[in-house]
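Here's the letter readout for the chains.
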Amino acid sequence: MIQPLQASETRVRPWREPLAVAAGLRDRDGALALLSDGGPLGRRSFVAADPDWTGGEGGLDLLRDPALSRGVIGLHAYDAGARPATGPRPPVWPDLMLARYPAMLAFDHRERTVTVTGRGLDAAAAAVAADRAEAWLSQAADIAAPPPPAAAFTAEAAPEAYLAAVADVVARIAAGELFQANIARAFSGDLHPGADPFDVMLRLAGRAAAYGAFWRLGDRALVSNSPELFLTFDPASRRIETRPIKGTRPRAADPARDAALAADLQASAKDRAENLMIVDLMRNDLSRVAEPGTVAVERLFEIETHPTVHHLVSTVAATARPGTGVADLLAATFPPGSITGAPKHQAMKVIAAHEPPRGPWCGSLFHIGDDSALTASVLIRTASFERVEGLWRFRALAGAGIVADSEPAAELAETEVKILALREALAGS
């Protein structure tokens, strides 16, 4: 039985760069870095190591245990949520990974302060955990970008296979089978001997996103540079928020051309229709756990600009029913609608017909804070790693939402734009 950490101690300390602090912990057990860009959606970053409990085999119901109500990090793999539609498939990643962290650092990018948190069974244990977390601040390491850690970044299937998959989905849409499906391409390779997944995090430092992350547990690791929020939940107000991304344009070096690409995205009838389908899907998902009449689209078709792409983003919010918890929210909404399609169940069946299991990609990485609040990202722009015989092997995916008027060549080009930052971080330009 997991014992709850009932006592906590917090201290506020001067600012340190979270990536540098994370670099000092990169080789520790359970090394964790939730690294935001400090923007409106990513005000705080978190760094931790040395979890006192890890698990996940009990599934989402584990999150109903009060002992896991704060200081918990979780990774819910895409295939776990897709299985009701796809049936059994060979697993490539655990369905759920959880870890509880008694010691944690929270970096407030706006106030330029660091909050040291220690949790324990009693006040003395909480103070010891806080001491351990505070010591991490003095162990910050160099964050210079290393050379590319991989020699190759190889597509697992030929481009022609993706073109054929897109054409098939367009035909299925024309036949009335579904409205939209997100179809992905996979890339893989090996890191050089001595290279480490954290090297990829360092190489992404100049392209920070709101929901960047590094997490390693045992022989598995994850590097994510995701800009997409899946869910936030505030138990005090019972507010749920989701911000699906649908619609992408590449960035351009010329400012005028760059602005024109963003304007083209916002005016695109195809991209707006694609976005609206997912907004409606997320409204439906949230309604399963929301107070009647509270689901609302607060913002529609906003442009978000990132280092390599422009995105079209909408915001849907709701008030949760009394007694709703993290497990209920994830069960009602997972996998994220923006990376499945509509109707969701049928879209996941179609995806499975064209893709092997996805693993962590397009699942969710989530953090349960001291107030039991949830922040969960969508694991796009993400590479997963597994260590086999001392070497790290990686896998990364990029997808595009396929609709009735999709052109296969254009969708293929979109996957190249989306995978660009990870490709350069892993194998160079």
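None of the values given here were measured: they were computed from a predicted structure. (Residues numbered from 1 in each chain as written. Predicted model: local features only at pLDDT ≥ 70, side-chain atom pairs only at ≥ 80, totals over all residues. Heavy atoms only, no water.)

**Student:** Looking at this structure, I do not really get the packing of aromatic side chains. What am I missing?
**Tutor:** The geometry of an aromatic ring pair is captured by the separation of the ring centres together with the interplanar angle, meaning the angle of the planes. Taken as a whole and judged by the stated rule, the model has six aromatic pairs. When the centroid spacing of 6.5 Å and the interplanar angle of 55° are considered together, the rings of Phe385 and Phe394 count as tilted. Owing to a relative accessible area of 1%, Phe385 belongs among the buried residues under this scheme. Accessibility expressed as a relative area gives 1% for Phe394, which makes it buried. An aromatic cluster is built from Phe153, Phe187, Phe385 and Phe394, whose rings are joined through pairwise contacts. Geometry around Trp93 places Arg220 over its ring, the cationic atom sitting 5.3 Å from the centre. A cation sits over an aromatic face here: Arg358 above Tyr78, 4.6 Å from the ring centre. (Phe/Tyr/Trp six-rings, centres within 6.5 Å; stacked < 30°, edge-to-face > 60°. Buried < 20%, exposed > 50% of the residue type's maximum accessible area, 1.4 Å probe, protein only. Lys NZ or Arg CZ within 6 Å of the ring centre and 35° of its normal.)

**Student:** How should I be thinking about the nonpolar core in this particular structure?
**Tutor:** Inside soluble globular proteins, nonpolar side chains tend to come together where they are buried. Core analysis: the biggest nonpolar cluster contains 64 residues, and Leu105, Trp136, Trp215, Leu365 and Phe385 have the highest contact counts within it. Counting 61 residues, the second-largest nonpolar core is a separate cluster that includes Ile2, Leu178, Leu286 and Ile402. (Core = buried A, V, L, I, M, F, W, Y, C linked by side-chain atoms within 4.5 Å.)

**Student:** Please clarify how the pattern of salt bridges should be interpreted in this entry.
**Tutor:** Side-chain pairs of opposite charge can arise whenever the charged atoms involved come near each other. Throughout the structure, instances matching the rule amount to 43 salt bridges. Among the salt bridges present, the one from Asp168 reaches Arg172, with a minimum N-O distance of 2.7 Å. One end of the pair, Asp168, and the other, Arg172, are both in helix H4 (residues 159-174), four residues apart, so they sit about a helical turn from each other. The shortest N-O distance in the salt bridge between Arg249 and Asp271 comes to 2.9 Å. A residue pair is termed long-range when its members are at least 10 positions apart, and Arg249 in strand S15 (residues 245-250) and Asp271 in helix H7 (residues 269-287) qualify at 22 residues. Each member of the pair Arg249 and Asp271 is classed as buried. Beyond isolated ion pairs, a larger network of salt bridges with shared partners links Glu9, Arg11, Arg13, Asp131 and Glu134. (Salt bridge = Lys/Arg side-chain N within 4 Å of Asp/Glu carboxyl O. Helix = DSSP H or I, 4+ residues; strand = E, 2+ residues; numbered from the N terminus.)

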